[in-house]
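# Architecture and fold: a report
As a plain string of letters, each chain reads:
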Amino acid sequence: MPNTDIVIKQTRAWLSTVVIGQNFCPFAKREYDRESIHYAIIETADLATQLEQIIAQCTVLDTDPERETSLLIFPTALSNFDDYLDLLDIATALLEDQGYDGIYQLASFHPDYVFDGLSPDDPSHYTNRSPYPMLHILREASVETALATYPYPDKIPVRNIRRTQDLGLKAMQDLLAACYE
């Protein structure tokens, strides 16, 4: 089993240097600085238990307004990207089935994230690459509020892709690798 403190430290390093440092998410810094991001380590490879823990995190978000968001980190499971995508699809459907549609949404991050239709060595994959497989539970109301106050939010993905391409594949690989140090 991985050391939980190390997994969280590496995840925080990724948030700080990649997500916030490269401004991939212009809304992350506020929550990072406020320490309102919860880091949940899910070590099981059992799908049913993973889904139970995802819903448990939603339940905590329901009752704890100080916790803005939760990062569910899978350090020992879901290393296969296709298996991860299967969990993402099932978890998204489960949130809807549990009445969380319009309340929470999932963002996805994985060490081997690949956008469909792009070459495997395209640096833009690094906008969604992380040290470990992760699901990010976001409050939809907070997302809507943040997007309403941000100029041209629809341009964020294009800007992020341009940023990764300007930096290049090697720089993006190095940024992610540095999170493990």
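## With respect to the overall build of the protein
Along the protein, the regular secondary structure elements total 7 helices and 4 strands. Start at the N end of the protein and walk to the C end: the helices and strands fall as α-α-β-α-β-α-β-β-α-α-α. Here the protein has a C-alpha radius of gyration of 16 Å; the compact-globule value for 181 residues is 16 Å, and the two agree. Dimensions of the protein, computed from the C-alpha atoms along their principal axes, are close to 40 × 40 × 35 Å. By residue count, 44% of the 181 residues in the protein fall in the buried class. A fraction of 74% describes how many contacts in the protein between residues 6 or more apart in sequence connect residues 24 or more apart. The positive charge centre, built from 13 side chains, and the negative charge centre, built from 28, are 12 Å apart in the protein.

## So, the pairing of strand E1 (residues 37-41)
Walk down a regular strand and you will see the side chains alternate between the two sheet faces. In terms of burial, E1 is a largely internal element, 4 of the 5 residues being buried. Looking at chain direction, E1 and strand E2 (residues 69-73) are connected through 5 bridges and run parallel. The residue of E2 that forms the bridge with isoleucine 37 is threonine 69. In this fold, the crossover linking E1 to E2 by way of helix H3 (residues 47-63) has right-handed handedness.

## Regarding the sheet that holds strand E3 (residues 104-109)
Taken in spatial order, the 4 strands of this open sheet run E1-E2-E4-E3, and their pairing is mixed. Two strands lie at the open edges of the sheet, namely E1 and E3, each paired on one side alone. Pairs of neighbouring strands in the sheet enclose a mean axial angle of 20°, with direction left out of account. For E2 and strand E4 (residues 134-139), the ladder comprises 4 bridges, and the chain directions are antiparallel. For leucine 72, the partnering residue across the bridge sits in E4 and is leucine 135. The strands that helix H1 (residues 4-20) touches are E1, E2, E3 and E4; relative to E1, the one it contacts most, it runs at about 135°.

## As for the side chain of serine 130
Along the polypeptide, serine 130 turns up in the loop between E3 and E4. Polar contacts involving the side chain of serine 130 include one to the main-chain amide nitrogen of histidine 110, which spans 3.2 Å. At 2.6 Å, the side chain of serine 130 forms a polar contact with the backbone oxygen of tyrosine 132. Once residues lying within four places of it in the same chain are set aside, the contact partners of serine 130 are Trp14, Phe109, His110, Pro111, Leu176 and Tyr180.

## Some words on helix H6 (residues 156-167)
In a regular helix each residue adds 1.5 Å, so 12 residues correspond to 16 Å; H6 covers 16 Å between its end C-alpha atoms and thus fits that length. Along H6, the residues classified as buried are Ile156, Asn160 and Thr164. The buried residues of H6 occupy one face: seen down the axis, they fall within an arc of 70°. Its buried side turned inward, H6 meets helix H7 (169-178). Directly after H6, the chain includes glycine 168, whose backbone phi takes a positive value near 95°.

Rules used in this analysis
Residues numbered from 1 in each chain as written. Predicted model: local features only at pLDDT ≥ 70, side-chain atom pairs only at ≥ 80, totals over all residues. Heavy atoms only, no water. Helix = DSSP H or I, 4+ residues; strand = E, 2+ residues; numbered from the N terminus. Rg over C-alpha atoms; globule rule 2.2 N^0.38 Å. Buried < 20%, exposed > 50% of the residue type's maximum accessible area, 1.4 Å probe, protein only. Contact = heavy atoms within 4.5 Å. Lys, Arg positive; Asp, Glu negative; His and termini not counted. Charge placed at Lys NZ, Arg CZ, Asp CG, Glu CD. Pairing = 2+ DSSP bridges. Right-handed = clockwise from strand over helix to strand, strands pointing away. Axes fitted to C-alpha atoms, helices over the stretch in contact; angles between N-to-C directions. Polar contact = N/O pair within 3.5 Å; in protein donor to acceptor, adjacent residues only side chain to side chain. Expected span 1.5 Å × (residues − 1). Arc of directions from axis to C-beta.

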